[in-house]
Amino acid sequence: MLNRLLVEIARQQTNGRFTYSIVVVDNDDQQSARPVVAEFTAKFPVETVYCFEPRKNIALARNTVLEHARGDYIAFIDDDEFPVPEWLQMMLKTCEEYQAAGVLGPVRPHFEEPPPRWIIDGRFCERPEHPTGRVMDWEESRTGNVLFQRRILNGVPQAFNPEFGNGGEDKDFFMRMTQQGCVFRWCNEGVTYETVPPSRWERKYMLKRALLRGKNILKHPTGRARILATSVVAVPVYLVLLPPMLLLGQHRFMKYCIKFCDHLGRLLAFAGINPVSER
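**A few points about the packing of aromatic side chains**
Working step 1: One pass over the full model with this rule turns up twelve aromatic pairs.
Working step 2: Ring-pair connections join several aromatic residues into one group, and the members of that group are Phe76, Phe148, Phe160, Phe173, Phe174 and Phe184.

Here it is as structure tokens:
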């Protein structure tokens, strides 16, 4: 997946308007990305920097990206994604037109083999999309497909908080940036695709991810009382709804299971119980 991503970045259409370079941060203690990057740089003339962050922490990995990234704009894309040829061009165009601090774009699922029907019916791998130019709330922002101006980091000692080492570091980043007055917009033409392997169709993976997401949201310093109050009500409600949802179809049942685990993860974390440490 990393090789495909690098190749597609190398094929970005710029129309002579800008130049770009690539930074790859390897967060695997086996440095599995090193030979992939070496093979890529031998074939493509795009300036590429390889870095190794041995500490298993996504926030530290992202901060390492920022330490080595050059230019007036910084774009983040995950290693299991790949962009359309006009991705950077459209993201930059929207950012300039709306004079935004940054822009976010769609991440659409890419299945390399047909998934089960309930995955499609429940739209579990699809994410919300918006009209280009829409102002984004920090709670719906993420780093899987984003471009922002480097200047918004001026005076920020640490862009990504290492406390969010296993997820949630992106929402924390956008929350703090928004509080400082940064406005982020949506660019629906800046499309990327996320490869969805069969392992991510497993119910265990989905429920584990929901528990982790619920746990991490309590690390945010604002709105904890409201979040907990909502979950106290939601957990018993969803628990009662699960049996009838099973009768209405596997996709509906799993949707409610995920919601249940999301709220349960919050309550368990508040009680000091750690249900899951990583995805």
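There's more to say after this.
**Observations regarding the pairing of strand S9 (residues 192-195)**
Working step 1: As defined by bridge partners, strand S4 (residues 81-83) adjoins S9 across three bridges and the pair is classed as antiparallel. Following the sheet pairing, phenylalanine 82 is matched in S9 by tyrosine 193.
Working step 2: Bridge count for strand S6 (residues 107-110) against S9 is four bridges, and the pairing is parallel. Residue pairing across strands places proline 109 opposite glutamate 194, the latter belonging to S9.

**Comments concerning the pairing of strand S2 (residues 48-52)**
Working step 1: Taken together, the five bridges between strand S1 (residues 22-26) and S2 define a ladder with parallel strand orientation. Its bridge partner lying in S2, isoleucine 22 is registered against threonine 48.
Working step 2: Remark: the S1/helix H2 (residues 33-43)/S2 crossover connection has right-handed handedness.

**Observations concerning the sheet that holds S9**
As a general point, the strands of a sheet are linked pairwise by backbone hydrogen bonds and lie either parallel or antiparallel.
Working step 1: Ordered in space as S4-S9-S6, the three strands form an open sheet in which the pairing is mixed. Looking at which strands have only one partner, the edges of the open sheet turn out to be S4 and S6. Averaged over all pairs of adjacent strands, the angle between strand axes in this sheet comes to 35 degrees, irrespective of strand direction.
Working step 2: Most of the contacts of helix H1 (residues 2-10) go to S4, to which it runs at about 15 degrees, and overall it touches S4, S6 and S9.

Procedures and definitions
- Residues numbered from 1 in each chain as written.
- Predicted model: local features only at pLDDT ≥ 70, side-chain atom pairs only at ≥ 80, totals over all residues.
- Heavy atoms only, no water.
- Phe/Tyr/Trp six-rings, centres within 6.5 Å; stacked < 30°, edge-to-face > 60°.
- Pairing = 2+ DSSP bridges.
- Helix = DSSP H or I, 4+ residues; strand = E, 2+ residues; numbered from the N terminus.
- Right-handed = clockwise from strand over helix to strand, strands pointing away.
- Axes fitted to C-alpha atoms, helices over the stretch in contact; angles between N-to-C directions.
- Contact = heavy atoms within 4.5 Å.

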